[in-house]
Amino acid sequence: MKLLTHNLLSSHVRGVGPRGFPLRLQATEVRINPVEFNPDFVARMIPKVEWAALLEAADTVPKGPIEGYEHDEKFLRQMHHVLLEVDVLEGTLQCPESGRLFPISRGIPNMLLSDEETET
Amino acid sequence: MSDVQEATNQLLDVNLDENWRSIQVTGSDPRSESEHLQVTVGATVPTGFEQTAADEVREKLGSSCKISKDRGKIYFDISVESLAQVHCLRSVDNLFVVVKQFKDYQFKETKEEVLKDFEELAGKLPWSDPLKVWKINTSFKKKKTKRKKMNQSSDYYENPAIREEISTLVGDDLASCKDEKDESSKEETHPEVLKFRVTCNRAGEKHCFSSNEAARDFGGAVQDHFKWKADMTNFDVEVLLNIHDNEIVVGIALTEESLHRRNITHFGPTTLRSTLAYGMLRLCAPQPTDIIVDPMCGTGAIPIEGATEWSNCYHIAGDNNPLAVNRAANNISSLLTKSQIKEGKVSWGLPIDAVQWDICNLPLRTGSVDIIVTDMPFGKRMGSKKRNWNLYPACLQEMSRVCRPGTGRAALLTQDKKCFTKALSGMGHVWRKVHTVWVNIGGLHAAVYLLKRTPQAFVHPSEQDKERTPW
């Protein structure tokens, strides 16, 4: 699971709503996959990213995009690494509101809820 | 025959270097008009996606297409140098070079006369140029399996040679070591006599003959003309005889296996053709950095096609079935392994991820997805029609939540058109139907619905919580 995916995932436990984001990430096994650097892609993705969530998930992220970030290659490479190259293979995602844990196994998060949890 | 042989010898000497775009066809054959041979290529595409395929041809080759009345076929002219790029087309199942096209063929009255005409036809057709093209096509297919060291181009997926390789089945490449040995022994003892077969496809009410009869008699005449050997299974040249009402096209096949299963190594019960997946994605006109999700991905055919062709977008494959998600993850790994073999060193990641989730309750932020493309359960091999009555409205609702208002769009494939239309009818405030493509999936009449997400923000129908802030 890449951190960009984590940035899109939100807990859907009943009654939690927007407070289900972001999921707390606990990684026990991580792999770094080199991905072709595309500065344009990263620059355009920055505005779509929920920054606070990214800060929580990765500890090597600057406080926020600075003025003129589109041309700051060092910054873009850093973001590229964080968003696309870090792959969480094993770990858990935790709903910040309900505490419910979702396992990540072989890089795939299992977000299925049980029948009781989905009932209104 | 001697012309063909001469052309063959010339072409085997051509230096096929790594930049395919600069292939020069130099024939000492005095009849060849120019070095830049122009040919008409025919392509079979998923029925219903002829226009999408034509758009891809225009975009990548600069050629305009004629869309045949014989559904699922398009024709376009190219110069032979573009042959490598033609193989990179992703909306195309099979390719052939046109020998001759008859727009309005006059069939005689009796079967005997018609078949006799076909026999006589064989010797009168302009085989020479198409055979040259076939020869070039065959020789660079052979060279391709020999080449292991690739360009260390940073623009990996843009390299046409790489893209061409990506468009073959994984099995080919993983067995390329074996192929290499076979190819070199094949080339040394290059046979004078080619093996061939004729495949006839016939459609129309008024024909007095069968496709088998036509193939047999036409094939017999081809054999006499070229002195080739007929072989149904182990052939070098496949001659195509396509008859659709009064339109006849004679061609020579350029592809062996259909390209349509190219990316998938782990099949599931209802795996979608990659060419169809490509067509559906293309309908949505993906823009750079679009988030593209398939919430019922099965084996992942759609996101994998997406990650290969639109690598400047981000793709997520999701399914509730653990078997499906695992297959999708395996297919993604196979894709990575393939890239690894090509590149030789590092493992190149791809902008794609897999998640196990429930379509009716997606763990995604509201309005975070730009494009949704999926193959919805038909209710035939997967699920049931009865289940669809509950599933479809729930799907459409949840998809409208995660899809970005205003700019978001969805391409949804289903055979259960009645159920889908009913489910959609109550959702006019969030989904607007823009286009419908009628397609044929394994004999079933299905439809791809292209929907646009309206600008209206999502409001949960049963939401009572006053504190809820739209997010």
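Our structure's up above, just so we're on the same page.
Since we're looking at a predicted model, the values are computed, not measured.

A.B. asks: Outline the overall build of chain A, supporting the account with residue identities and numerical values.
C.D. replies: What chain A contains, in helices and strands, is five helices and four strands. For chain A, the succession of helices and strands along the chain, N to C, is α-β-α-α-α-β-β-β-α. Expressed as lengths along the three principal axes of its C-alpha atoms, the size of chain A is roughly 50 × 30 × 20 Å. Residues classed as buried in chain A amount to 47% of the 120 residues present. Total accessible area on chain A stands at roughly 6000 Å², and carbon and sulfur atoms take up 48% of it. Measuring between centres, the 12 positive side-chain charges of chain A sit 0 Å from its 18 negative side-chain charges.

A.B. asks: Tell me about the sheet that holds strand β4 (residues 94-102) of chain B, and please be specific about residues and values.
C.D. replies: Residue and element names in this part refer to chain B. A sheet is described by the order of its strands in space; here eight strands give the open sequence β2-β3-β1-β4-β8-β7-β5-β6, paired in mixed fashion. Edge positions in the open sheet fall to β2 (65-67) and β6 (229-230), since each of these has one partner strand only. Pairing of strand β5 (residues 195-203) with β6 involves two bridges; the strand directions are parallel. Residue Phe-196 lies in a different strand from β6, and its bridge partner there is Ala-230. Lying on the sheet, helix α2 (residues 50-61) is in contact with β2 and β3 (73-79); it crosses β3 at an angle near 10 degrees.

A.B. asks: Could you give an account of the sheet that holds strand β12 (residues 371-375) of chain B, naming the residues involved and the relevant values?
C.D. replies: Paired through their backbone hydrogen bonds, the strands of a sheet run either parallel or antiparallel. Residues and elements named next belong to chain B. Taken in spatial order, the seven strands of this open sheet run β11-β10-β9-β12-β13-β15-β14, and their pairing is mixed. Edge positions in the sheet fall to β11 (352-356) and β14 (431-441), since each of these pairs with one other strand and no more. Averaged over all pairs of adjacent strands, the angle between strand axes in this sheet comes to 15 degrees, irrespective of strand direction. Packing against the sheet, helix α10 (residues 274-283) makes contact with β9 (291-294), β12, β13 (409-414), β14 and β15 (444-453), and its axis sits at approximately 160 degrees to β14.

A.B. asks: Talk me through the interface of chain A and chain B; I want residue IDs and the actual numbers.
C.D. replies: Between chain A and chain B, the residue contacts involve 33 residues of the former and 40 residues of the latter. In this assembly, chain A packs against chain B so that about 3000 Å² is buried in total across both faces, 58% of it on carbon and sulfur atoms. In this structure, the connection of chain A to chain B is made through three salt bridges. Across the salt bridge formed by Asp-290 of chain B and Lys-48 of chain A, the nearest N and O atoms sit 4.0 Å from each other. For the pair chain A and chain B, the interface holds 14 residue pairs in polar contact (both at pLDDT 80 or more).

A.B. asks: Residue-level account of unusual backbone geometry, with values.
C.D. replies: Most peptide bonds take the trans form, and the phi angle of most residues other than glycine is negative. The step from Phe-21 of chain A to Pro-22 of chain A runs through a cis peptide bond, and the omega angle for that step is -5 degrees. Along the chain, Pro-22 of chain A falls in the loop between α1 (3-8) and β1 (24-32). The phi dihedral of Arg-106 of chain A is positive, around 50 degrees, even though this residue is not glycine. Arg-106 of chain A gets classed as exposed once you look at its relative accessible area, which sits at 57%. You will see that Ala-285 of chain B, though not glycine, has its phi angle at about 45 degrees, which is positive. On the basis of relative accessible area, Ala-285 of chain B is assigned to the partly exposed category, the value being 40%.

A.B. asks: Which residues make up the packing of aromatic side chains, and what values do they have?
C.D. replies: Residues and elements named next belong to chain B. Inspection of every chain in the model, using the stated rule, returns 15 aromatic pairs over all chains. Their ring planes at 85 degrees and their centres at 5.3 Å tell us that Trp-127 and Phe-226 sit as a pair that is edge-to-face. Within this pair, whereas Trp-127 is found in the loop between α4 (111-124) and α5 (128-146), its partner Phe-226 is found in helix α9 (residues 211-226), the two being separated by 99 residues in sequence. Residues Trp-127 and Phe-226 agree in their burial class; the two are buried. Judged by centre distance (6.3 Å) and plane angle (75 degrees), the rings of Tyr-392 and Phe-420 are edge-to-face. Residue Tyr-392 is located in helix α13 (residues 385-402), and its partner Phe-420 is located in helix α14 (residues 417-425); the two are separated by 28 residues in the primary sequence. Looking at Tyr-392, the relative accessible area reads 0%, which means it is buried. Note on Phe-420: relative accessible area 0%, which makes it buried.

A.B. asks: With reference to specific residues and values, describe the environment of Val-13 of chain A.
C.D. replies: Residues and elements named next belong to chain A. Within the secondary structure layout, Val-13 lies in the loop between α1 and β1. With relative accessibility at 12%, the residue Val-13 sits in the buried group. Sequence-wise, Val-13 and Leu-113 are 100 residues apart; in three dimensions their C-alpha atoms are separated by 7.5 Å. Not counting residues within four places of it along the chain, the set of residues in contact with Val-13 comprises Ser-98, Arg-100, Phe-102 and Leu-113.

Reading guide: rules and limits
- Residues numbered from 1 in each chain as written.
- Chains lettered and ligands numbered in written order.
- Predicted model: local features only at pLDDT ≥ 70, side-chain atom pairs only at ≥ 80, totals over all residues.
- Heavy atoms only, no water.
- Helix = DSSP H or I, 4+ residues; strand = E, 2+ residues; numbered from the N terminus.
- Buried < 20%, exposed > 50% of the residue type's maximum accessible area, 1.4 Å probe, protein only.
- Areas by Shrake-Rupley, 256 points an atom, 1.4 Å probe, with all protein chains shown as cover.
- Lys, Arg positive; Asp, Glu negative; His and termini not counted.
- Charge placed at Lys NZ, Arg CZ, Asp CG, Glu CD.
- Pairing = 2+ DSSP bridges.
- Contact = heavy atoms within 4.5 Å.
- Axes fitted to C-alpha atoms, helices over the stretch in contact; angles between N-to-C directions.
- Buried area = accessible area lost by both parts, 1.4 Å probe.
- Salt bridge = Lys/Arg side-chain N within 4 Å of Asp/Glu carboxyl O.
- Polar contact = N/O pair within 3.5 Å; in protein donor to acceptor, adjacent residues only side chain to side chain.
- Phe/Tyr/Trp six-rings, centres within 6.5 Å; stacked < 30°, edge-to-face > 60°.

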